[in-house]
Amino acid sequence: MVLRAIGLIATAGLALSACTGSPPDPEVSASPSDDPTPAVSASPSPEVPAKPERPEAMKRKDAEGAAAAAEYFIELYPYVMSTGDTEEFEAMSHRACGFCADALKQAERISTRDETWAGGEIQSTLLETYERDDVTGIYPLDVEVQQDAAQITDSEGATVFEGEAERAIYRVELGRRNGLWIVVEIAPGPAQ
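Thresholds applied
- Think of each chain on its own: its residues are numbered from 1, step by step along the sequence as written.
- Local features in this predicted model are restricted to residues of pLDDT 70 or higher, and side-chain atom pairs are both shown and tallied only at a pLDDT of 80 or more, whereas totals for entire chains, interfaces and linings draw on every residue.
- Hydrogen atoms and water are omitted, and side-chain values are computed over all heavy atoms in the structure.
- To qualify as a helix, a DSSP run of H or I must reach at least 4 residues; to qualify as a strand, a run of E must reach at least 2; elements of each kind are numbered from the N terminus.
- Buried, partly exposed and exposed residues are distinguished by accessible area as a fraction of the type maximum, computed with a 1.4 Å probe on protein chains only: under 20%, between the cut-offs, and over 50%, respectively.
- Every residue pair with non-hydrogen atoms within 4.5 Å of one another is taken to be in contact.
- Areas reported here follow the Shrake-Rupley algorithm with a probe of radius 1.4 Å; residue values treat only the protein chains shown as occluding.
- One number per residue, pLDDT, summarises how confident the predictor is, and it ranges from 0 to 100.
- Here the expected length of a helix is defined as 1.5 Å per residue gap, with one fewer gap than residues.
- Note that a disulfide, as used here, is simply two cysteine sulfur atoms within 2.5 Å.
- Note on ring pairs: Phe, Tyr and Trp rings are taken, using the six-membered ring of Trp, and paired if centres are within 6.5 Å. Classes follow the plane angle, with under 30 degrees stacked, over 60 edge-to-face and the rest tilted.
- DSSP calls a pair of strands paired once it identifies at least 2 bridges connecting them.
- Axis definition: a line fitted to C-alpha atoms, limited for helices to the stretch in contact. Angles are taken between N-to-C directions and run from 0 to 180 degrees.
- Each reported salt bridge corresponds to a side-chain nitrogen of Lys or Arg within 4 Å of a carboxyl oxygen of Asp or Glu.

Trainee: Residues and numbers for the overall build of the protein chain, please.
Mentor: Along the backbone of the protein chain there are four helices and seven strands. Each helix and strand of the protein chain, ordered N terminal to C terminal, gives the series α-α-α-α-β-β-β-β-β-β-β. Taking all 192 residues of the protein chain together, the buried fraction comes to 43%. A separation threshold of at least 6 residues defines the contact pool for the protein chain, and within that pool the share at least 24 residues apart is 63%. Carbon and sulfur atoms form 49% of the exposed surface of the protein chain, whose accessible area is close to 10800 Å².

Trainee: Could you give an account of the confidence of the model for the protein chain, naming the residues involved and the relevant values?
Mentor: Of all residues in the protein chain, 76% have pLDDT values of 70 or greater, and the mean over the chain is 81. Across residues 4–44, where pLDDT falls below 50, the model places 88 contacts with residues more than four positions away in sequence or in other chains.

Trainee: Please give an account of helix α4 (residues 98–112) that cites residues and values.
Mentor: Here α4 contains 15 residues, and its C-alpha end-to-end distance of 21 Å stays within 8% of the 21 Å for a straight helix at 1.5 Å per residue. For α4, every residue scored as buried is listed here: Phe-99, Cys-100, Asp-102, Ala-103, Leu-104, Gln-106, Ala-107 and Ile-110.

Trainee: Outline the state of the cysteines, supporting the account with residue identities and numerical values.
Mentor: Evaluation of the coordinates by the stated rule reveals one disulfide. Between the sulfur of Cys-97 and that of Cys-100 lies a disulfide, 2.2 Å long from S to S. Disulfide Cys-97-Cys-100: torsion about the S-S bond near 70°, hence right-handed. The exposure classification of Cys-97 matches that of Cys-100, with both residues buried.

Trainee: An account of the packing of aromatic side chains is requested, with residue identities and associated values reported.
Mentor: Scanning all chains against the criterion turns up five aromatic pairs. Ring centres of Tyr-139 and Trp-181 lie 5.8 Å apart, and the angle between their planes is 65°; on these two criteria the pair is classed as edge-to-face. Note that Tyr-139 is positioned in strand β3 (residues 139–147) and Trp-181 in strand β7 (residues 180–188), a separation of 42 residues in sequence. An identical accessibility class is assigned to Tyr-139 and Trp-181; each is buried. Within the aromatic cluster, the residues linked to one another by ring pairs are Phe-73, Tyr-77, Phe-89, Phe-99 and Trp-117.

Trainee: I'd like a description of the sheet that holds strand β2 (residues 122–129), backed by residues and values.
Mentor: Ordered in space as β2-β3-β6-β7, the four strands form an open sheet in which the pairing is antiparallel. Of all strands in the sheet, those with a lone pairing partner are β2 and β7, marking the two edges. Each strand axis lies, on average, 35° off the axis of its neighbour in the sheet, ignoring direction. Here β3 runs beside strand β6 (residues 166–177); their pairing, made up of nine bridges, is antiparallel. Residue pairing in the sheet places Gln-147 in a bridge with Glu-166 of β6. Its contacts with the sheet place helix α2 (residues 63–83) against β2, β3, β6 and β7, and it is angled at close to 155° to β2.

Trainee: Explain the pattern of salt bridges residue by residue, including any values.
Mentor: According to the stated counting rule, one finds eight salt bridges in the structure shown. Across the salt bridge formed by Lys-59 and Glu-56, the nearest N and O atoms sit 3.0 Å from each other. In this structure, the salt-bridge partner of Arg-167 is Glu-144, at a minimum N-O distance of 2.7 Å. A residue pair is termed long-range when its members are at least 10 positions apart, and Arg-167 in strand β6 and Glu-144 in strand β3 qualify at 23 residues.

Here you go:
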């Protein structure tokens, strides 16, 4: 998955990745009664993915709340990479989360180098929720992630990274801090 490929780029920094963007809008042809002046074609600019909405279920303190938080966090990734807005992603990241740290470094690198992240839209599906560990308080979950192709371009428009569309399963571990969900780790899930 692009998540794996970007991980290699960002220190081997794991990242849920980006894509080639959406296709350009179809040309509008002039009808005989329209102005005969030829249309000027503007170069397409990459669309910034919308920030996902926080699910209401994230307010829950149980496995359902953990699952909602996991899916939200994963689906937040393309928005973070495209915009550099890491505030919420960082707030939901535990200091021991290697995936989280790598993703935040990648987002910072993209922003400081004036690069552009395009694509990488993510759809996540909860596969399995395991019992909360009584000692650590962590909820382990298995999540299937389907990610569109991704691309990073530099300020000149040259491609510096391309990742193919991928599908993978990840083990996501969530805990709570100050009454809110935090991601303790995201790692490759069980083999299929």
